[in-house]
Amino acid sequence: MAPMNMDANNFVCWFRQASPYIHAHRGSTVVLAFGGEAVQEADFDKLIHDIALLHSLGLRLVLVHGTRPQIEERLKLRKADMQVVNGMRVTDEHALLCVKEAAGTVRVEIEALLSTGLANSPMAGAQIAVDSGNFVTAKPLGIIDGVDYQHTGEVRRINTAAMKQRLDAGAMVLVSPLGYSPTGEVFNLNAADVAAAIARELHADKLIFLTDNKLTDSHRQVIESMVPREVDALLKRRRSLDEQLQRVLRNAAQACRNGVARAHILPRRQDGVLLTELFTRDGAGTLVTPERWETLRQARIDDVSGILELIKPLEEAGVLVRRSREYLENEISQFSVIERDGAIIACAALYPFEKEKMAELACLVVHSDYRQGGRGDQLLEHVRQQARNLGMEKLFVLTTRTAHWFRERGFSSADVSQLPGKKKDLYNWQRNARMLILPLEA
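The rules behind each value
- Residues numbered from 1 in each chain as written.
- Predicted model: local features only at pLDDT ≥ 70, side-chain atom pairs only at ≥ 80, totals over all residues.
- Heavy atoms only, no water.
- Helix = DSSP H or I, 4+ residues; strand = E, 2+ residues; numbered from the N terminus.
- Buried < 20%, exposed > 50% of the residue type's maximum accessible area, 1.4 Å probe, protein only.
- Contact = heavy atoms within 4.5 Å.
- Areas by Shrake-Rupley, 256 points an atom, 1.4 Å probe, with all protein chains shown as cover.
- Lys, Arg positive; Asp, Glu negative; His and termini not counted.
- Charge placed at Lys NZ, Arg CZ, Asp CG, Glu CD.
- Patch = residues over 30% accessible without salt bridge, like charges linked within 9 Å, V, L, I, M, F, W, Y side chains within 5 Å.
- Salt bridge = Lys/Arg side-chain N within 4 Å of Asp/Glu carboxyl O.
- Pairing = 2+ DSSP bridges.
- Polar contact = N/O pair within 3.5 Å; in protein donor to acceptor, adjacent residues only side chain to side chain.

## Quick notes on the overall build of the protein
Within the protein, the regular secondary structure consists of 15 helices and 23 strands. Viewed in the frame of its principal axes, the protein has a C-alpha envelope of about 80 × 50 × 45 Å. Looking at the 442 residues of the protein, the share that counts as buried comes to 48%. Sequence-distant contacts in the protein: of pairs separated by 6 or more residues, those separated by 24 or more amount to 70%. As presented, the protein carries roughly 22700 Å² of accessible surface, and 47% of it is formed by carbon and sulfur atoms. A gap of 2 Å separates the mean positions of the 56 positive and 56 negative side-chain charges of the protein.

This is how it looks when you write it as structure tokens:
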């Protein structure tokens with residue numbers, strides 16, 4: 001850890017200064033993501049040695065590796081390519097073969113390096129258990145704007161129970177950027193997306209991304225710290241940023257918004273960057289930490305603009321019926337919102353029908369950056385309690401795209417003939433929304 005030219009006194013001083021960080025990080029869960037480019041570097045073994053050192057110091061590590069250059073090499077050998085549309089790669093059958101080959105090769109290389117135990121190497125006596133597996137369930141991206149992304153997918157869920165079991169047993173977990181479906185399909189995933197999803201689901205203490213370059217400001221100075229809203233502003237302001245760095249930044253911000261304590265963006269080419277970041281006061285890269293101001297409250301008239309902005313993407317996608325500003329201004333008393341640092345990030349409306357003792361839950365929306373934090377459930381419980389307080393006996397929803405979410409929370413399908421009289425008269429048969437009902441306990 002200490003530089004080779006450090007004398008004994010300086011080494012002792014440095015080691016004492018590092019000790020508070022050693023104590024602080026012991027037992028913490030850390031998700032570390034690095035690209036396939038790092039694996040190709042001649043000095044990749046140095047990074048592996050540092051990772052082994054972190055493990056020996058008691059950090060619970062989940063490693064997520066990328067495979068992009070390895071995939072490209074295999075495509076080139078087959079005289080094929082992978083189409084890129086809107087920054088996303090289309091994985092056809094030929095590309096999928098290359099993806100699987102690359103993932104397998106990289107995984108084995110990393111496992112081999114972590115298994116090294118030569119007496120004259122930094123890995124002497126390490127004896128690290130490395131576990132890989134089908135921890136990631138994925139789903140296809142599907143067809144977007146007419147483009148079928150085929151075997152390119154996105155994370156559906158993480159098997160955190162299995163992952164925690166391995167970590168509790170003292171193993172290091174190694175995850176490839178592949179996901180598997182219940183039907184046995186394999187999907188090509190983005191490593192940064194996978195790492196962020198794992199960090200969120202594990203409630204990791206740290207999410208670390210090793211990137212090709214440092215994140216700097218307009219004066220080429222390293223940006224030392226950011227909060228998610230500053231990340232959002234940076235991405236809007238600097239659209240020329242490398243595509244993968246943009247993805248890392250979005251994932252770092254989203255992870256912090258969903259319970260990850262800290263996200264670190266570090267330059268991978270800096271020797272010992274992990275040790276410098278974790279065990280020195282000044283660190284080595286960019287630290288992203290969460291915002292902490294969030295409240296669930298009754299909506300006010302000055303929330304109308306925020307609600308309109310929140311629901312607009314879902315209206316355009318046809319998930320929600322369109323609501324005008326005038327409509328929202330008239331109905332604002334029916335809405336509840338979640339506000340975070342001055343921004344409306346979630347909303348829901350409740351419409352009681354006293355004669356039938358039924359109430360409608362409508363316009364339940366959570367901003368896409370905050371959907372992993374349980375805010376939908378928080379709003380649902382809030383509205384359910386409101387309905388109980390009003391003496392309602394049933395809560396119902398009309399939905400075209402999210403029926404499964406409500407079913408998972410106790411709603412059951414019902415025929416639209418069970419709608420309250422006034423609501424039945426306004427039912428849009430062309431939209432053909434499904435009705436689901438939840439009984440309310442007394």
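Here the narrative resumes, following the displayed structure.
## Quick look at a nonpolar patch on the surface
A cluster of nonpolar side chains, Phe11, Val12 and Phe15, forms an exposed patch at the surface whose accessible area comes to about 240 Å². Positionally, valine 12 belongs in helix α1 (residues 8–25). According to the relative accessible area criterion, valine 12 is partly exposed, its value standing at 34%.

## Examining the pairing of strand β2 (residues 60–65)
When you tally the buried positions in β2, you get five out of six residues, the bulk of the element. Direction of pairing for strand β1 (residues 29–34) relative to β2: parallel, over a ladder of six bridges. The residue bridging valine 31 from the neighbouring strand is valine 62, located in β2. Bridging between β2 and strand β10 (residues 172–175) involves three bridges; their strand directions are parallel. Its bridge partner being in β10, valine 64 is matched across the sheet by valine 175.

## Quick word on the environment of glutamate 185
Topologically, glutamate 185 is positioned in the loop between β11 (178–180) and β12 (186–188). Considered as a pair, glutamate 185 and alanine 138 are 47 residues apart in the sequence and their alpha carbons are 8.9 Å apart. If we ignore the near neighbours within four places in the chain, the residues touching glutamate 185 are Gly179 and Tyr180. Here threonine 183 takes part through its side chain, which lies 3.1 Å from a polar atom of the side chain of glutamate 185.

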